[in-house]
Number of protein chains: 2
Amino acid sequence: MKQNLYDNPEFFEYYTRLRESKITFNDFVEQPAFRSLLPSLEGKRVLDLGCGSGQLAAYMLEQGAAQVIGTDISTRMLSLAPQHPQIEYIQLPMEELDFPGNSFDLVVSSLALHYIEHYEVMMQKIADWLKDGGQLVFSTEHPIVTAKLDKEGWIEDEGGERLYYAIDHYSQEGIRRAHWVVDDVITYHRRISTLINGVIESGLRIDAVLEPEPTAEGLEKMPQLVNELRKPSFVIIRASK
Amino acid sequence: MKQNLYDNPEFFEYYTRLRESKITFNDFVEQPAFRSLLPSLEGKRVLDLGCGSGQLAAYMLEQGAAQVIGTDISTRMLSLAPQHPQIEYIQLPMEELDFPGNSFDLVVSSLALHYIEHYEVMMQKIADWLKDGGQLVFSTEHPIVTAKLDKEGWIEDEGGERLYYAIDHYSQEGIRRAHWVVDDVITYHRRISTLINGVIESGLRIDAVLEPEPTAEGLEKMPQLVNELRKPSFVIIRASK
């Protein structure tokens, strides 16, 4: 069964408030690096998998994209998304999407693919949907973060000082359950080699891999982001067809 | 200054005895995966960077390679290497090697590039030395292992039970000093993104990335290898020109 975390009322309320604060890992770690990997968007037809409340879709339109199709499993998240004649939203789990081959110049997916069970199947579909010469840019939780079965990584001393980040069960891919506002938030752990080989086996070519560090503004506004230098939270991959 | 660890008499004695035992991480984790990534060797001209005592060079000859050039900084290691009319050995640090462009069908390097300070420079040279259509296969210590400044990763409880592997200073690339038989063994920590992007920026295309698990025989003969399922020790990359 596909979990629809963002339609959980309690989680949704927490998450929308967090994102509205604009003081988040997304704002200061993931999105700056993600956007740095985007190709020129001028006139491009773009698919955004797991678009949430549409901030990235709106940004890509500002950058000249001709059309963005944003998809998300969550009705609540899509209800927040900006309406625009060049953005079309589809409310579906990404596993159920179906497009003709060679439909998009660019496919993006920000922090959504770790919710997907069948990664290789999704990669094959994305590669098919891309036009020749098109690009894929996606981010996902870093395998260093998802490895441990309980995903409780930071080990602290008695005074609450973070000593180091703990890894275990790295080879054991599959479901991880964690408490994030609500219980039993399910993500899928995959090794970095699995993430990369899945892209390559779909026929795409790896252009770059990023393990983003916080921006200077982020380190100022969220001092705890200094811990991102100790262990990475995200990995971002760009590939071309 | 380039460290010549393997010419240290104490280290050399330990290391040669270890390798002669054939009960090692190389035998049961790294080499099986490494060899699985090698292309057909029939008639190939091969460069082996950090060839040590020449086991991989000899294997590649058995597999049909026409010529192998093995290079190593250590005179002692090379003194153990099998002599063969189709193998030529060069005793030099790999940073000082110089070959014409388009010289090799295949460049291999097993667990040597983590001793090299200027990784990107080395990748540029390797890409130049490769013929069009040629391959690079190399292994290195996994960034999960090299991240912590003291490289002392396993955290144990009071009874000596391994609880988890500790990560810290992941973003801080550069020198790591560890005790391995002798003091101050120097390796260089690089993030997985740095390893991959260095290959891509040299003009090569990533074919596959492996984070090898122990073989069944390895798990039987070295029960401690079960810990390789908890955190990976090596990463192996294959790329093509």
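Since the model is a prediction, treat every value here as computed from it, not as a measurement.

What to know about the relation of the copies chain A and chain B
Once turned by 180° and shifted 0.0 Å along the axis, chain A lies on chain B with an RMSD of 0.0 Å. Within this description, the copies of the chain are treated as partners about a two-fold rotation axis. Among all residues of chain A, the minimum C-alpha distance to the rotation axis is found for Ala166(A), at 2.3 Å. The fraction of interface residues of chain A whose copies in chain B are also interface residues reaches 100%, indicating that both copies meet through the same surface.

Quick notes on the sheet that holds strand β6 (residues 154–156) of chain B
Ordered in space as β6(A)-β7(A)-β7(B)-β6(B), the four strands form an open sheet in which the pairing is antiparallel. Two strands bound the open sheet, and with one partner strand each, they are β6 (154–156) of chain A together with β6 of chain B. The average undirected angle you get between the axes of adjacent strands in this sheet is 50°. Bridging between strand β7 (residues 162–167) of chain A and strand β7 (residues 162–167) of chain B involves three bridges; their strand directions are antiparallel. Looking across to β7(B), one finds that Ile167(A) is bridged to Tyr165(B).

Some details on helix α3 (residues 55–62) of chain A
All names here are of chain A. Inspection of α3 places Leu56, Ala57, Met60 and Leu61 among the buried residues, and these make up the whole buried set. Buried residues along α3 cover an arc of 140° about the axis, so they all sit on one side. Looking at the buried side of α3, the elements it contacts are β1 (45–49), β2 (67–72), β3 (87–91) and β4 (104–110). Just past α3, the residue Gly64 takes up positive phi, approximately 105°.

Cut-offs and rules
- Residues numbered from 1 in each chain as written.
- Chains lettered and ligands numbered in written order.
- Predicted model: local features only at pLDDT ≥ 70, side-chain atom pairs only at ≥ 80, totals over all residues.
- Least-squares fit on C-alpha atoms with pLDDT ≥ 70 in both.
- Contact = placed C-beta atoms within 7 Å.
- Pairing = 2+ DSSP bridges.
- Helix = DSSP H or I, 4+ residues; strand = E, 2+ residues; numbered from the N terminus.
- Axes fitted to C-alpha atoms, helices over the stretch in contact; angles between N-to-C directions.
- Buried ≥ 20, exposed ≤ 12 C-beta atoms within 10 Å, placed from the backbone.
- Arc of directions from axis to C-beta.

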